Amino acid sequence: MTDVRVRFAPSPTGFLHLGGLRTALYDYLFARHTGGSFILRIEDTDRSRFVPGAIENLIESLRNLGLDFDEGPSAGGACGPYVQSERLDLYHREARRLLESGHAYPCFCSSETLAKMREEQQAKGEFVKYDRRCLNLSPEEVQARLERKEPHVIRLKMPDGRKFAFTDLIRGDVEMDTAQSDDQVLLKSDGFPTYHLAAVVDDHYMRISHVIRGEEWLSSTPKHLWLYECLGWPAPLWVHLPLILNPDRSKLSKRVGDVSVESYLQKGYLKEALLNFVALLGWHGADDREIYSLEELCREFSLERVNKAGAVFDLAKLDWMNGIYMRKLPLEEIASRALPYFHAAGIPLPEQDVLLKIVAAARERCTLLPEIASYSRMFLAPRPLTPEEEELLGTPQAQSVVHWFADNLPTSEPLPKEELDALVKTGMAELGLKGKDYYTPLRLALIHEPHGPELPVIFGILGLERAHALLRDKFRR
RNA sequence: GACCCCUUCGUCUAUCGGUUAGGACACAAGAUUUUCAUUCUUGUAAGAGGGGUUCGAUUCCCCUAGGGGUCGCCA
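To keep things clear, this report deals only with the structure shown in the data block. (Residues numbered from 1 in each chain as written. Chains lettered and ligands numbered in written order. Predicted model: local features only at pLDDT ≥ 70, side-chain atom pairs only at ≥ 80, totals over all residues. Heavy atoms only, no water.)

## Let's talk about the state of the cysteines
Working step 1: According to the stated counting rule, one finds zero disulfides in the structure shown.
Working step 2: There is no disulfide at cysteine 107, and the cysteine sulfur nearest it, in cysteine 109, is 3.9 Å away.
Working step 3: Take cysteine 107: its relative accessible area is 1%, and that puts it in the buried class.
Working step 4: A disulfide-free cysteine, cysteine 109 has its sulfur positioned 3.6 Å from the sulfur of cysteine 134, the nearest such atom. (Disulfide = S-S within 2.5 Å. Buried < 20%, exposed > 50% of the residue type's maximum accessible area, 1.4 Å probe, protein only.)

## Focus on the protein's contact with RNA strand B
Working step 1: Looking at RNA strand B, there are 58 residues lining it, with Glu290, Arg365, Tyr439, His451 and Gly452 nearest.
Working step 2: At the protein interface, 74% of the atoms of RNA strand B within 4 Å belong to sugar or phosphate.
Working step 3: Here a base oxygen of RNA strand B sits 2.9 Å away from a polar atom, N or O, in the main chain of leucine 455.
Working step 4: Elements with a contribution of two residues or more to the surface near RNA strand B: α4 (111–123), β4 (153–156), β6 (172–177), β11 (311–312), α11 (315–328) and α18 (436–447).
Working step 5: Among the elements that take part in the surface near RNA strand B, α11 stands out by supplying four residues, more than any other.
Working step 6: Of the residues contributing to the surface near RNA strand B, the split by class is 22 nonpolar, 13 polar and 23 charged. (Near = heavy atom within 4 Å. Polar contact = N/O pair within 3.5 Å; in protein donor to acceptor, adjacent residues only side chain to side chain. Helix = DSSP H or I, 4+ residues; strand = E, 2+ residues; numbered from the N terminus. Nonpolar A, V, L, I, M, F, W, Y, C, P; charged D, E, K, R; others polar.)

## Observations concerning the pattern of salt bridges
Two side chains carrying opposite charge are able to pair once their charged atoms lie near each other.
Working step 1: This model, assessed by the stated rule, comprises 31 salt bridges.
Working step 2: Ionic pairing is found between aspartate 190 and arginine 47, a salt bridge with its closest N-O pair at 2.8 Å. Of the two residues, aspartate 190 is situated in the loop between β7 (185–187) and α6 (195–205) and arginine 47 in the loop between β2 (37–40) and α2 (54–65); the sequence distance between them amounts to 143 residues.
Working step 3: Classification of aspartate 190 by relative accessible area gives partly exposed; the value is 32%.
Working step 4: Residue arginine 47 is classed as partly exposed on the basis of its relative accessible area, which comes to 49%.
Working step 5: Of the charged contacts in the structure, one is a salt bridge between arginine 162 and glutamate 229, with a shortest N-O distance of 2.8 Å. (Salt bridge = Lys/Arg side-chain N within 4 Å of Asp/Glu carboxyl O.)

## Here's the deal with the pairing of β6
Working step 1: Where strand β5 (residues 163–168) lies against β6, six bridges are found, and the strand directions are antiparallel. Pairing of phenylalanine 164 across the sheet is with methionine 176, part of β6.
Working step 2: Taken together, β5 and the strand that follows it, β6, pair antiparallel across an intervening segment of three residues. (Pairing = 2+ DSSP bridges.)

## Some points on helix α1 (residues 18–34)
Working step 1: With 17 residues, α1 ought to run about 24 Å at 1.5 Å a step, and its terminal C-alpha atoms sit 24 Å apart, in line with that.
Working step 2: Along α1, 14 of the 17 residues are buried, which leaves the element largely enclosed by surrounding structure.
Working step 3: Downstream of α1 by a residue or two, glycine 35 has a phi angle that is positive, lying close to 75 degrees. (Expected span 1.5 Å × (residues − 1).)

## Describing the side chain of histidine 210
Working step 1: Looking at the element boundaries, histidine 210 is found in strand β8 (residues 210–214).
Working step 2: Within the local environment of histidine 210, its side chain forms a polar contact with the side chain of serine 209, the two groups lying 2.8 Å apart.

Keep in mind these numbers describe shape, not what the thing actually does.
Rendered as structure tokens:
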């Protein structure tokens, strides 16, 4: 397989969403695995849905995730421009060719006319498709209306009674009858192409070898095949990916939950986890392995192992995987990525070495980045004790623990872990306490929380001076 | 409704005719841990149904059912 060229072709109608991410990721993995090229192309042919800033956003999201493309807007390349609104002349030229060869025709029907036609077809239980009334116009009338500059579109004339067969790399042989194919609009009345024309023209001129896209495109493939044929071009290889599904098994959409990649990142999911998890939604290696870095995915990925059936997006498993990466990534990395959440929560930052100790303790019990910040509160900005906790700390037993430590805890650093462990044991023996009775008062005194890390870790984070101050602060007799 | 695609534990999946149908998440129980968390062990749980083909079907074929996608001057 030589010269693999694949493209990710989002439309700038909003943020990158999970479905787009999965498609982009598979494009990227396939390109990297085969040594091919990954191209980004912006499909901004629908002016009404264009969202300002969306292109920049898409590019930034891909960059952030590490899915760098070889050609595209901002990256350049030999097949540019990579934004469809800048390629209008090309689409017009090809549309003209189609018109001249009789494979396309102008249609003057208004959207109202079309709506009415569809309604009638629907009522009669017919297959809803354009009835070709403008195809039967006399050449003179067409000419006259064109000269009058009547608004019109250009439609593709689908052949009658023809079967289109093609091989999808994932689904195998697929066959469809043209009776189901509408005379698709190629050029809209505003002069912009529709997806069908633009994608085929661009895929050809950008020398795309494999069209990797969502399964929702499967049923329009015959139109594209016919377009390639009319234009006299060889068709690319087809790869229709299974859909990502909502828990109710419908196509993942904005209606159910949040699907923008940006928002997952913002919630504190790690890109490594997101990428790893999304890769597994429709692909699986030959063994039981589930944790893969992007590099490892590039090495292992193959289209042959992509599934046919749609996959439900299971948030619980993403959470689990995120926890794995929270513990797996370098400590400094996790700490620095958690920083924004400290700022957002207004938690004061300690010295770097102390921060690292805190994060090391926190990452063991957190699944999302912001939890690191909230877990750190007990050290950096502890909450006030509740009346119940105050009461507990005031008991003679608890006070004996607090005083014993105030009396016996050394005041000068460093305090090696072994020494501290010994000290804790001695305290236990001298006070005749163990378990909860012994540890809860200490935790409450030092971090104002009944639960937290092991004692040596707590002392290590607080430092002996601060620990002493906190203990003294809890003297109640 | 028409056309197309799909169908293994609740979820993600392994299996490329012969397996006690494996793994992971979730769930449950237990162990470790001073607590919480981590970790570990164990358990519950699946081939949609019906026909074929075959010595033998989860695996190949057909039918049915169910789910999904598409049917726009949106992509």
